[in-house]
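Commentary on secondary and tertiary structure
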Amino acid sequence: MSGPMRIVLIGYGPVGARFVEELLPAVTAGRVSLTVLGAEAEDAYNRVLLAEYAVGATSRERLEIADTAAARTAGVRIRLDETAIAIDRAARRVRTSAGDELAWDRLVLATGARANVPTLTGLHHPSHSPAPAPVPGRDGGRRALPAGVLALRDVADAEAVAPVVAGGGAILVLGAGVLGMEFALLAAEHGARVTVVHHGAAPMARNLDETGGRMLARAARAAGLRMAAHARAETVELRDAPGGPVFDGIVCADGTYLRGDLLVLSCGVAPRVELALAAGLACATGVLVDPDLRSWTDPDVFAIGDCAQVADPEEADATGRVPGAPSGLIGPGWRQAAAVASRLHAESAGFAVGAKATVARHERPTALMLKATGIDVVSGGAYAAEPWDADAEVSVWVDAARGAYLKTVVRDGVLAGFVSVGLPRAGAELTLRYERGMGLVADPAALLRLDAADAGTAVAADDPLGPDATVCWCNGVTAGRIADAVADGCGTVDEVGRCTRAGTGCGGCKGRIAALLAVVPAG
């Protein structure tokens with residue numbers, strides 16, 4: 001290869017931005033020519049914090065995760081508000097919405113995921129109000145949603161939510177997964193009247209067992225939410241307004257009419273694979289890549305983040321179906337970005353590619369924590385076993401009066417899964433034990449004492465804030481690294497984040513960072 005390696009990155013979200021950051025040394029050295037296409041007009045930002053921004057709990061600046069100006073100064077060509085509309089693998093070119101063609105030696109797809117839009121009557125524009133022409137290769141040509149209906153996937157969505165929350169308006173949230181519940185609780189906390197509409201008996205059915213979900217629903221109602229369980233939305237109704245039809249309410253299968261000022265769709269996401277499919281790249285749920293993140297179809301094409309499905313061709317069954325899906329979490333996406341950047345950096349320098357360029361095919365799931373003020377919910381692992389199952393030791397505690405619920409599943413002496421609601425200290429202890437692959441204490445019932453008013457530390461895991469304990473799983477930051485940052489003068493969670501990246505991903509570790517700040521001597 002004569003001259004610098006030409007790399008085109010499609011996608012400038014959090015994962016794409018991390019790839020750019022990791023590859024900057026090779027760009028600065030002149031060994032790599034990097035061009036980035038970003039579909040949004042905005043610089044890369046952290047989508048995980050959009051709900052907080054929408055309700056006024058954080059500023060627009062706090063969403064920023066990329067130094068685009070510095071990258072451009074280093075020589076990266078970042079083209080915002082420009083999409084890739086076709087990939088010609090034979091000619092090694094990408095055609096863009098601006099009419100340009102970009103040549104590449106290596107192509108990296110970081111196209112992310114889009115919100116799932118349920119099949120409901122009335123979601124598309126009525127015939128007398130035509131939708132804007134779809135951009136080829138973006139969202140599969142989906143039409144825009146009606147005014148007052150959004151999925152909270154970008155800054156524009158968040159800014160549409162803000163005045164409704166500020167004015168104490170009525171918001172319907174369709175879907176009760178973790179993101180839907182976090183937004184609903186945040187919006188209610190900041191003055192909105194919120195109804196969560198969902199199919200099942202209890203919220204967060206993918207992350208909690210039914211008893212844990214029912215306990216969460218009880219706490220949510222106490223926090224001001226209206227929980228519409230067993231509700232199947234069928235139709236979105238619009239009303240006439242001076243600027244055109246706007247959302248008025250939804251009709252459920254049983255005839256119930258729920259009125260609101262805003263409908264927030266929280267029905268999951270799907271990887272954006274249209275470009276890859278059109279280019280003839282192997283795809284299942286996501287773009288199929290091996291543990292080196294290389295496409296099954298083309299070794300010069302890589303995929304990272306929410307669009308990447310890491311699998312081995314031998315995993316396909318007789319019908320060609322491949323199990324699994326992209327992780328959908330920011331931490332694995334960042335690790336994938338670093339792995340591909342490391343590989344391409346080494347290739348551009350003519351070095352042999354080391355093991356660092358490979359990621360785990362199936363990362364061990366981390367514990368999931370609901371981020372909500374005054375409601376403590378955390379779960380992890382395989383918690384579905386029942387107390388009478390012969391292959392596991394299952395313990396369950398329920399205290400409905402206190403809103404407390406705890407379930408632990410132990411297999412072969414190791415904590416295999418757990419659910420904790422309303423018990424913050426017990427939940428933190430179980431999270432630590434699960435992430436370290438530990439078992440439970442001799443008397444599991446002693447976990448309940450952790451949240452008692454006179455709690456001691458008798459059952460705490462050995463040195464839970466020890467230097468080797470991982471605090472931020474998104475960025476792999478240990479307690480020791482945070483302690484070093486505090487010794488260097490960091491005195492707040494935000495300052496620790498700027499110094500170490502801890503807490504800048506999903507934000508679920510901010511409580512642990514605060515706990516460290518409380519016990520580590522400042523510099």
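Quick note: structure is the one above.
First things first, this report covers the structure right here in the doc. Note that this is a predicted model, so its numbers are computed, not measured.

Turning to the sheet that holds strand β11 (residues 193-197), a few remarks are in order. Strand order in the open sheet formed by five strands is β9-β16-β10-β11-β12, and the pairing between neighbours is parallel. This sheet does not close on itself; its edge strands, each paired only once, are β9 (149-150) and β12 (226-228). Where strand β10 (residues 170-174) meets strand β16 (residues 262-265), four bridges bridge the pair, whose relative direction is parallel. Bridging from a neighbouring strand, L174 pairs with L265 of β16.

In this structure, F19, L34 and L109 are the most contacted members of the largest nonpolar core, which totals 69 residues. Of all the elements, helix α1 (residues 14-28) adds the most residues to this core, at eight residues. Sequence-distant contacts of L34, defined by excluding residues within four places in its chain, comprise I7, L9, F19, V20, L23, V27, G75, V76 and R77. Among the nonpolar cores identified, the runner-up in size contains 45 residues, and V164, I171, A192 and Y383 belong to it.

If you add up the space inside the second largest pocket, you get close to 480 Å³. Along its surface, the second largest pocket is lined by 21 residues, and E64, I65, G497, R498 and T504 are the ones closest to its centre. Elements supplying a minimum of two residues to the lining of the second largest pocket: α1 and α11 (493-500). Along the lines of polarity and charge, the residues of the lining of the second largest pocket split into seven nonpolar, five polar and nine charged.

As a further point, take the state of the cysteines. This model, assessed by the stated rule, comprises zero disulfides. Of all cysteine sulfurs, the one in C499 lies closest to C490, which takes part in no disulfide; the gap is 4.2 Å.

Moving on to α1. For α1, which comprises 15 residues, the first-to-last C-alpha distance of 21 Å matches the rise-based estimate of 21 Å (1.5 Å per residue) to within 8%. The principal kink in α1, of about 40°, is found at E22, preceding the proline P25 by one to four residues. Looking only at α1, the buried set comprises P14, V15, G16, A17, R18, F19, V20, L23, L24, A26 and V27. Residues of α1 that are buried sit in contact with β1 (5-10), β2 (32-38), α3 (68-74), β7 (106-109) and α8 (330-349). Positive backbone phi, approximately 85°, marks G30, located one or two places after α1.

Okay, the packing of aromatic side chains next. For the structure on display, the rule yields one aromatic pair. Here R18 stacks its cationic end above the ring of W334, 4.1 Å away from the centre of that ring.

A separate point is the side chain of D248. When you line up the elements, D248 lands in strand β14 (residues 246-252). Here the side chain of D248 touches R239 through a polar contact of 3.4 Å, side chain to side chain. In contact with D248, other than residues within four places in its own chain, are E237, L238, R239, Y257, L258, R259 and G260.

Criteria and cut-off values
Residues numbered from 1 in each chain as written. Predicted model: local features only at pLDDT ≥ 70, side-chain atom pairs only at ≥ 80, totals over all residues. Heavy atoms only, no water. Pairing = 2+ DSSP bridges. Helix = DSSP H or I, 4+ residues; strand = E, 2+ residues; numbered from the N terminus. Core = buried A, V, L, I, M, F, W, Y, C linked by side-chain atoms within 4.5 Å. Buried < 20%, exposed > 50% of the residue type's maximum accessible area, 1.4 Å probe, protein only. Contact = heavy atoms within 4.5 Å. 1 Å grid on protein atoms, 1.4 Å probe; cavity = no way out; pocket = protein on both sides within 12 Å on 5 of 7 lines; lining within 4 Å. Points joined across faces, edges and corners; volume = space filled by probe spheres on them. Nonpolar A, V, L, I, M, F, W, Y, C, P; charged D, E, K, R; others polar. Disulfide = S-S within 2.5 Å. Expected span 1.5 Å × (residues − 1). Bend = angle between axes of the 7 residues up to and from the residue. Phe/Tyr/Trp six-rings, centres within 6.5 Å; stacked < 30°, edge-to-face > 60°. Lys NZ or Arg CZ within 6 Å of the ring centre and 35° of its normal. Polar contact = N/O pair within 3.5 Å; in protein donor to acceptor, adjacent residues only side chain to side chain.

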